[in-house]
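# What the coordinates show
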2 protein chains.
Amino acid sequence: MRVALDAMGGDNAPAVNIEGAAEAVNEWPDIEVVLVGDGELLQKELSVRKYPKSKITVLHASESITMDEQLSQALRRKKDSSIRRAFELVKAAEADAVVSAGHSGITMALALLLIGTAKGVERPAIAALIPSLKKEFVLLDVGANVDCTPQNLLQFALMADAYCRLILDRPKPKIALLSIGEEPTKGNELTKEAFRLLKAADINFFGNMEGRDIFKGDADVVVCDGFIGNVVLKSSEGLAEATIKMLRKEITSLTTGRIGYFFIKSALKNFKKKTDYAEYGGAPLLGINGTCIICHGRSTTKAIKNAVRMAADFSSKRVYEAISEEIGQAQPREKTVVAG
Amino acid sequence: MRVALDAMGGDNAPAVNIEGAAEAVNEWPDIEVVLVGDGELLQKELSVRKYPKSKITVLHASESITMDEQLSQALRRKKDSSIRRAFELVKAAEADAVVSAGHSGITMALALLLIGTAKGVERPAIAALIPSLKKEFVLLDVGANVDCTPQNLLQFALMADAYCRLILDRPKPKIALLSIGEEPTKGNELTKEAFRLLKAADINFFGNMEGRDIFKGDADVVVCDGFIGNVVLKSSEGLAEATIKMLRKEITSLTTGRIGYFFIKSALKNFKKKTDYAEYGGAPLLGINGTCIICHGRSTTKAIKNAVRMAADFSSKRVYEAISEEIGQAQPREKTVVAG
């Protein structure tokens, strides 16, 4: 599998991107990486690293996209940006997948422009994997679409179903709809109609799930619109950080706390690592006609490495084809239900 | 101030309700409580407690509302429910405010039915006070309205402004709009239009705030629709609980962790108390023509006591009148902006 990695995207680029690529090809012999970005810089950085030389190639791109770039400007003017070149590689079948920790909105727009949606898909969705008390769960959409229709939410459920089956090895994933009460009558106009569609679909539908329960880990997938998903993802991230800070303050304010803190600080670190989205890897952009993994801007080397692995898996297991198939099969069934 | 307390509402009713009432009148001489519920039971329970006897009276109500009660049934059939009787006391000017830890949807419906909205208010909102790294902030709406208009969000901001000024002693509260990016152009249709209205209003508007930043505590108020607010509130609650559990597991899995845990466990307890919404008190239902404090179903004695105090403060400072005034003043100004 050949992964095109946007070497210039992310807060810690290109250092962690190069290091992540090197670690990935060192660890997994089936993976090749094309590093896309400032060719001279990348070659220089690569020359001091140890890895099987044939497994990483460099594609020069003279421009890069900053985090505060305007979407229209990036699309119209920056024709030689690293992220654009990465997608062009996939379009030309010279790479199998794209990984980027850069501007997620622009990454998504370029994915749609150059790769397009998978057959039958109305809107792509970003699917984040979230730690919980039991297993991780997939939360989607976390930001690709700010205003969604019930039909969009149904498609998100079907896309996540394929993700769970093919990548997470969960053959019959439980799919929940994020709402403000468990009863079908609870929710807003969007979720009440989406509930009806999800119930009629050929999936293992769990029903509505309240915000309170998502971190218990009883569902494999939690579906919501991209505005809410983004707010939940980011507020959870903010709360987790704030919790660690408040707790540290609480502990060190105790007389015995300082002693205790000495004994537990590696536990706090472990916990932070396990729950830090920046460490966690990437989120697939589901529903495009190919593979793209979007990483957190603050991604670490480990996150980039994991995202490269994830990209290779999504591509080799042809998740985007499975998504098209699942949506194609759901369409007529869904229509029958609407007519009835 | 005379507070009508629904003695039968909540998971721990009537025990914590009675205890909370007794603690409130013991601590604050300006407060009287009318306990509304099963008269015989309440009198019996009160007889074993120490408090100034004239400060608590009992009003018998033969019915109570359960947590899984249907709204229509509760309104139509249960004419002698404790929560209904509590509102009737306020309507008859025999009490100044209502406190309930019972079914929040039914409480709200009865508030609207018997007390009505304050002049100029389109929709009431539930305003939760949330701990953060700095000061607490007001999040609203957390569940009164599942589908909102931009104008609703503007009114929520004005209502919270009055809450902050009169109750929290913050003379120029910073008011943020919950969205998925800081720029005015980021958000969904609702928030983009609400941004425009909030910017034009006579408030200290902070701009958009991302989920990631709300727990930093830089805003006094965070405005959103009731669906999102409820999801954020409950998922934060769920995450905080899950965090404590995961952390405990992480700590006790370390060899040194068990020793450390011994030294820090009171810090964990303190932290939990400080962040547990069930301990925290109540959330005012802003925008009705009177005072109603809605408590968490799992409220403790301390939460009930604090909610009774809060109800007395809201009533004595006539927050609902200030809200009407603020909304009345905002109306023409807002219209001018729309016309221009």
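Residues numbered from 1 in each chain as written. Chains lettered and ligands numbered in written order. Predicted model: local features only at pLDDT ≥ 70, side-chain atom pairs only at ≥ 80, totals over all residues. Heavy atoms only, no water.

## A word on unusual backbone geometry
In this structure, the amide linkage connecting leucine 140 of chain A to the following residue, aspartate 141 of chain A, adopts the cis form with an omega of -5°. Note on placement: aspartate 141 of chain A falls in the loop between β6 (137-140) and α6 (150-166). At alanine 93 of chain B, a residue that is not glycine, the phi angle is positive and equals roughly 60°. With respect to the secondary-structure elements, alanine 93 of chain B resides in the loop between α4 (82-91) and β4 (97-100). In this model, aspartate 169 of chain B sits at a positive phi of 55°, which is unusual for a non-glycine residue. Take aspartate 169 of chain B: its relative accessible area is 61%, and that puts it in the exposed class. (Helix = DSSP H or I, 4+ residues; strand = E, 2+ residues; numbered from the N terminus. Buried < 20%, exposed > 50% of the residue type's maximum accessible area, 1.4 Å probe, protein only.)

## Some words on the environment of alanine 22 of chain A
Residue and element names in this part refer to chain A. Within the element layout of this structure, alanine 22 appears in helix α1 (residues 15-27). Overall, alanine 22 belongs to the buried group, its relative accessible area being 3%. In the structure, alanine 22 is positioned 279 residues away from threonine 301 in sequence and 9.6 Å away in space, judged by C-alpha atoms. What alanine 22 contacts, discounting residues up to four positions off in sequence, is Arg49, Tyr51 and Ile56. (Contact = heavy atoms within 4.5 Å.)

## Some remarks on helix α1 (residues 15-27) of chain B
All names here are of chain B. Here α1 contains 13 residues, and its C-alpha end-to-end distance of 18 Å stays within 8% of the 18 Å for a straight helix at 1.5 Å per residue. Among the residues of α1, those classed as buried are Val16, Asn17, Ile18, Gly20, Ala21, Ala22, Ala24 and Val25. Residues of α1 that are buried make contact with β1 (2-6), β2 (32-37), α2 (39-47), β3 (56-60) and α11 (301-316). (Expected span 1.5 Å × (residues − 1).)

## Concerning the interface of chain A and chain B
Of the residues lining the interface, 52 residues belong to chain A; the matching set on chain B comes to 52 residues. For the pair chain A and chain B, the two sides together bury roughly 4,900 Å², of which 73% comes from carbon and sulfur. Summed over the shared surface of chain A and chain B, the result is six salt bridges. Of the charged contacts in the structure, one is a salt bridge between arginine 212 of chain A and glutamate 237 of chain B, with a shortest N-O distance of 2.8 Å. Across the contact surface, chain A and chain B share ten residue pairs in polar contact (both at pLDDT 80 or more). (Buried area = accessible area lost by both parts, 1.4 Å probe. Salt bridge = Lys/Arg side-chain N within 4 Å of Asp/Glu carboxyl O. Polar contact = N/O pair within 3.5 Å; in protein donor to acceptor, adjacent residues only side chain to side chain.)

## Points about the sheet that holds strand β10 (residues 282-286) of chain A
Residues and elements named next belong to chain A. Ordered by their spatial adjacency, eleven strands build an open sheet running β3-β2-β1-β4-β11-β10-β5-β6-β9-β7-β8, and the pairing between neighbours is mixed. For this open sheet the edge positions go to β3 (56-60) and β8 (204-210), each flanked by a neighbour on one side alone. The mean inter-strand angle of the sheet, taken between neighbouring strand axes irrespective of direction, is 25°. Relative to strand β9 (residues 221-223), strand β7 (residues 174-179) runs parallel, the two sharing three bridges. In the strand pairing of β9, alanine 176 is matched with valine 222. Helix α5 (residues 104-114) rests against β4 (97-100), β5 (125-130), β10 and β11 (291-295) of the sheet, and its axis sits at about 175° to β11. Packing of helix α7 (residues 189-200) onto the sheet brings it into contact with β7 and β8, and relative to β7 it is tilted by some 170°. (Pairing = 2+ DSSP bridges. Axes fitted to C-alpha atoms, helices over the stretch in contact; angles between N-to-C directions.)

## As for the nonpolar core
Nonpolar side chains in soluble globular proteins tend to end up buried together. Judged by nonpolar contacts, the single largest core of 114 residues is most densely connected at Phe87 of chain A together with Phe87 of chain B. In this view, phenylalanine 87 of chain B contacts Val98, Thr107, Leu110, Ala111, Leu114, Ile115 and Cys292 of chain B; residues no more than four positions away in its chain are not counted. (Core = buried A, V, L, I, M, F, W, Y, C linked by side-chain atoms within 4.5 Å.)

## A word on the relation of the copies chain A and chain B
Mapping chain A onto chain B leaves a residual RMSD of 0.0 Å; the transformation is a rotation of 180° accompanied by 0.0 Å of translation along its axis. Expressed as an axis order, the relation between the two copies is that of a two-fold axis. It is glycine 260 of chain A whose C-alpha, among those of chain A, lies nearest the rotation axis, at 2.0 Å. A share of 100% of interface residues in chain A that are also interface residues in chain B marks the association as one of identical surfaces. (Least-squares fit on C-alpha atoms with pLDDT ≥ 70 in both.)

## Digging into helix α2 (residues 39-47) of chain A
In an α-helix, one full turn covers 3.6 residues, which means residues spaced three or four apart are oriented alike. Residue and element names in this part refer to chain A. Listing the buried residues of α2 in full gives Gly39, Leu42 and Leu46. The buried residues of α2 all sit within an arc of 65° when viewed along its axis, so they share a single face. Opposite the buried face of α2, at more than 90 degrees from it, the exposed residues are Glu40, Lys44 and Ser47. (Arc of directions from axis to C-beta.)

## Notes on the packing of aromatic side chains
Here the distance between the centres and the angle between the planes together describe a pair of aromatic rings. Scanning the entire structure with this criterion turns up six aromatic pairs over all chains. For the ring pair phenylalanine 137 of chain A and phenylalanine 215 of chain A, a centre distance of 6.2 Å and an interplane angle of 70° mean the geometry is edge-to-face. With phenylalanine 137 of chain A in strand β6 and phenylalanine 215 of chain A in the loop between β8 and β9, this pair connects stretches of sequence that are 78 residues apart. Both residues of the pair, phenylalanine 137 of chain A and phenylalanine 215 of chain A, belong to the buried class. Relative to phenylalanine 205 of chain B, the ring of phenylalanine 195 of chain B has its centre 5.2 Å away and its plane inclined at 70°; by these criteria the two rings are edge-to-face. Pair noted here: phenylalanine 195 of chain B is in helix α7 (residues 189-200) and phenylalanine 205 of chain B is in strand β8 (residues 204-210), with a separation of ten residues, a long-range link. For phenylalanine 195 of chain B, a relative accessible area of 9% puts it in the buried group. Owing to a relative accessible area of 18%, phenylalanine 205 of chain B belongs among the buried residues under this scheme. (Phe/Tyr/Trp six-rings, centres within 6.5 Å; stacked < 30°, edge-to-face > 60°.)

## Re the environment of glutamine 43 of chain A
Residues and elements named next belong to chain A. With respect to the helices and strands, glutamine 43 occurs in helix α2. For glutamine 43, a relative accessible area of 46% corresponds to the partly exposed category. With 39 residues separating them along the chain, glutamine 43 and serine 82 place their C-alpha atoms 15 Å apart.

## Regarding the pairing of β3 of chain B
All names here are of chain B. Inspection of the sheet shows β2 paired to β3 by five bridges, in the parallel sense. Bridge pairing in β3 links glycine 37 to histidine 60. Tracing the backbone out of β2, into α2 and back to the parallel element β3 gives a crossover that is right-handed. (Right-handed = clockwise from strand over helix to strand, strands pointing away.)

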